[in-house]
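Topology and contacts: notes
These are the residues of each chain, in order.
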Amino acid sequence: MFNALNGMGAAGQADSKATNDANTALAVTFTICSLLGAPVFNLFGHRILLPAALAYVLYVGSYLTSNSAFTIAAGAILGIGAGFLWTAQAGIMMSYPDEKDKGKAFSIFWMVFNLGATVGAAIPLANNFNNTSSTVNIGTYIGFMCIMGFGAFLSLTLLPAEKVIRSDGTPVSMHKFTNWKHEILEVLILFKDWRMLILIPLFSGSNWFYTYQFQVYNGGGFFDLRARSLNNLIYWLCQIVGAGLFGALLDFSKLGRRKSRAIIGNTVVLLVLVGSWIGAIYVQKLFTFESVKQSGFEQTDILTPNYAGYIVLYAVFGFVDAIYQGFIYWLLGTMTNDTQCAARYGGFYKTIQNAASAIASQVDALHTPYLTQVYINFVIEGAGIILAYIVCFNVEDVTIETDTFVMGKAEDVGPADSLEDGRHEKYNPSFNAHSLSIS
């Protein structure tokens, strides 16, 4: 629902400054709390989801007032909740499924996630179809708040990880919370993991493009409110399509071993991404920050000639987002099957992602030329995908979880996860790393 709100451009407001500043505050606190999210999740479990989700309701409620300072403060509070929520989500999504179903798990999550965004996009489209102003009506925000609140309380129905058993009979939760010092040390160690370091450009680009897509392409004044709302709906629908197709591709065993699928998946993301930014360069030459404010500039409506091409490009943007982020989650999922480790990987990813997002928001807030922003996106995301090939070539077919160290003492954490064909690897006490990959 939050994505649907932001996807309208400027969160449905006529002026994007308050939204950009709120997004910057959100990204800063999101960055910090993503690092803290893994220890918090490992201590409190899924119970952290309710207060974290309610922060979204507060943020949307801030748009019921004209107080920009309140909106910015709510954005900062949302960043705290989002850091905890998304770290928990990553831990659940990457560790719960069997090895052979990692892509499927992402697909289910991303499709449901974007179903909410699609419903959220339909609300402003219906409410504002004949609205000639540049700001959505108050009923739109109230509708968002009601749905978000309902979703937040649904988190109370989730089982704790220690009670979840996979379809192959192996337990989901394998490590126990030790202490804060140990947890924070485990998070800091990620900054020495060569795979995480190589993937930093890829992580950075994963939300960087949102600023351009939402605030410039869709919210920069080129489209009127009705067109922006329809663009938004199609964007999230294509996310659902992209997640479903790409998740199936990554799990399609006939394409070969996981390493082969990693390389193929990365190549697909690269090709579609390059095509989308080439299209963006063409469209971006049609308007600038200054040109849309000139008297006589006619905004593009859904009945405007050539609008079909513009919305197709925006649909491709949505498709790219799904496969880009889906590939990241799948790749991280090949590194561990343990809930606590997955939460740490997810927290690291969200930390880098949101630190970069904070920069991207300010790049736009400083009125950096729109075409320059396209080039920046092209370079960051292109470099990230190319560097990701190094990690892809090191993907193994099976990830073994061995033991964990609690206050200097090794503890048996149970059996490892299943192989992709359903067979099991036994726990091997000769290994004492947190997670090893074997072929």
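Within each chain, residues carry numbers counting from 1 in the order of the written sequence. In view of the model being predicted, local features appear only for residues whose pLDDT reaches at least 70, and side-chain atom pairs are presented and counted only at 80 or more, with totals across whole chains, interfaces and linings using the full set of residues. Neither water nor hydrogens contribute to the side-chain values; these are computed over all heavy atoms in the structure.

For the rest of this paragraph, the subject is the overall build of the protein. Strands here mean DSSP runs of E at least two residues long; helices mean DSSP runs of H or I at least four residues long; both are numbered from the N terminus. From N to C terminus, the protein includes 14 helices and 4 strands. Contact definition: two residues touch when any of their heavy atoms are within 4.5 Å. Taking all contacts inside the protein whose residues are at least 6 apart in sequence as the whole, residues at least 24 apart take part in 85%. With an accessible surface of roughly 17400 Å², the protein has 68% of that area assigned to carbon and sulfur atoms. Methods summary: accessible areas were calculated by the Shrake-Rupley approach with a probe of 1.4 Å, and residue burial reflects only the protein chains presented.

Whenever a carboxyl oxygen of Asp or Glu lies within 4 Å of a side-chain nitrogen of Lys or Arg, that contact is scored as a salt bridge. Summed over all chains, the structure comprises 2 salt bridges. For the salt bridge of Arg195 with Asp193, the shortest nitrogen-to-oxygen distance reads 3.2 Å. Both residues of the pair, Arg195 and Asp193, belong to the buried class. The salt bridge involving Arg226 is made with Asp301; its shortest N-O contact spans 2.7 Å. One end of the pair, Arg226, is in helix α10 (residues 225-251); the other, Asp301, is in the loop between α11 (258-284) and α12 (307-333), and 75 residues separate them in sequence. Exposure is judged per residue with a 1.4 Å probe applied to protein chains only, and the accessible area is read against the type maximum: over 50% gives exposed, under 20% gives buried, and values in between give partly exposed. Classification of Arg226 by relative accessible area gives buried; the value is 18%. According to the relative accessible area criterion, Asp301 is buried, its value standing at 12%.

Let us now look at the environment of Tyr217. Checked against the element boundaries, Tyr217 lands in helix α9 (residues 200-218). Dropping the residues within four chain positions of it, Tyr217 is found in contact with Tyr212, Phe223, Val283, Phe287, Tyr310, Leu313, Tyr314 and Phe317. For this analysis, a polar contact is any N or O atom pair within 3.5 Å, provided that within protein one partner can donate a hydrogen and the other can accept it, and provided that sequence-adjacent residues contribute only side-chain to side-chain pairs. A polar side-chain atom of Tyr217 sits 2.8 Å from the main-chain carbonyl oxygen of Tyr310.

Further remarks concern the environment of Met145. Considering the arrangement of structural elements, one finds Met145 in helix α6 (residues 138-154). Overall, the relative accessible area of 22% leaves Met145 in the partly exposed class. Dropping the residues within four chain positions of it, Met145 is found in contact with Val57, Val60, Gly61 and Leu64.

This part covers the nonpolar core. The nonpolar side chains of soluble globular proteins are, as a tendency, buried together. Core analysis: the largest hydrophobic core is formed by 104 residues, its most contacted members being Leu199, Phe203, Tyr217, Phe317, Tyr329 and Leu332. Ranked by residues supplied to this core, first place goes to α12 with 16 residues. What we call a nonpolar core is a set of buried Ala, Val, Leu, Ile, Met, Phe, Trp, Tyr and Cys residues that are connected through their side-chain atoms within 4.5 Å. With 5 residues, the next largest nonpolar core counts Trp208, Ala356, Ala360 and Val363 among its residues.

It is at 10 Å that the axes of helix α4 (residues 68-95) and α12 come closest, and there the two elements cross at 60°. What the angle tells us is that α4 and α12 run oblique. As α4 runs across α12, the sense of the crossing is right-handed. On α12, the residues that touch Trp86, Gln89, Ala90, Met93 and Met94 of α4 are Tyr329, Leu332 and Gly333. When its residues are assigned to classes, the contact of α4 with α12 shows 6 nonpolar, 2 polar and no charged. A fitted line through C-alpha atoms serves as each axis, taken over the contacting stretch for helices, and the angle formed by two N-to-C directions is quoted from 0 to 180°. In these notes the angle categories are as follows: under 35 degrees is roughly parallel, over 145 is roughly antiparallel, 65 to 115 is roughly perpendicular, and the rest is oblique. Here is the rule for handedness: rotate from the far helix to the near one, and if that takes an anticlockwise turn smaller than a right angle the crossing is left-handed, while a clockwise turn gives right-handed. Ten residues, namely Ala, Val, Leu, Ile, Met, Phe, Trp, Tyr, Cys and Pro, are considered nonpolar, four, namely Asp, Glu, Lys and Arg, are considered charged, and the remaining ones, Gly among them, are considered polar.

A pair of packed helices is characterised by two quantities: the angle between their axes and the separation of those axes. Taken N-terminus to C-terminus, the directions of α9 and α11 make an angle of 30°; their axes are 13 Å apart at the nearest point. By the angle between their axes, α9 is roughly parallel relative to α11. Where α9 crosses over α11, the handedness of that crossing is left-handed. Of the residues in α11, those touching α9 at Phe209, Tyr212, Val216 and Tyr217 are Trp277, Ala280, Val283 and Gln284. Taken together, the residues of the contact of α9 with α11 break down into 7 nonpolar, 1 polar and no charged.

Although it is not a glycine, Asn306 adopts a positive phi angle of roughly 75°. Residue placement: Asn306 occurs in the loop between α11 and α12. Despite not being glycine, His367 has its phi angle at roughly 60°, a positive value. Its location among the elements puts His367 in the loop between α13 (339-365) and α14 (370-392). Of the residues examined, His367 reaches a relative accessible area of 44% and is grouped as partly exposed.

Only centres within 6.5 Å qualify two rings of Phe, Tyr or Trp (six-membered ring in Trp) as a pair; their planes then separate them into stacked at under 30 degrees, edge-to-face at over 60, and tilted for everything else. According to the stated counting rule, one finds 35 aromatic pairs in the structure shown. Centre to centre, the rings of Tyr63 and Tyr141 are 5.6 Å apart; their planes meet at 10°, and the pair counts as stacked. Here the residue Tyr63 occupies a position in the loop between α3 (49-61) and α4, and Tyr141 occupies one in helix α6, the gap between them amounting to 78 residues. You'll find Tyr63 and Tyr141 in the same group, each marked buried. Measuring from centroid to centroid gives 5.5 Å for Tyr217 and Tyr314, while their planes differ by 5°, and the two rings are stacked. Here the residue Tyr217 occupies a position in helix α9, and Tyr314 occupies one in helix α12, the gap between them amounting to 97 residues. Neither residue differs from the other here; Tyr217 and Tyr314 are each classed as buried. Put simply, a charge is over a ring when the Lys NZ or the Arg CZ is close to the ring centre, within 6 Å, and near the line of the ring normal, within 35 degrees. Looking at Lys350, its charged tip hangs above the ring of Trp86, at a distance of 4.2 Å from the centre.

Turning next to a nonpolar patch on the surface. A cluster of nonpolar residues, Leu43, Phe44, Trp180, Ile184, Leu188 and Phe191, forms a patch on the protein surface that exposes about 530 Å² of accessible area. Secondary structure elements with two or more residues in the nonpolar patch: α2 (17-44) and α7 (180-189). The leading source of residues in the nonpolar patch is α7, at 3 residues. By the secondary structure assignment, Phe191 is in the loop between α7 and α8 (194-198). What makes Phe191 partly exposed here is its relative accessible area of 34%. A patch consists of residues exposed above 30% relative accessible area that lack any salt bridge, with like charges linked at up to 9 Å and nonpolar side chains (Val, Leu, Ile, Met, Phe, Trp, Tyr) linked at up to 5 Å.

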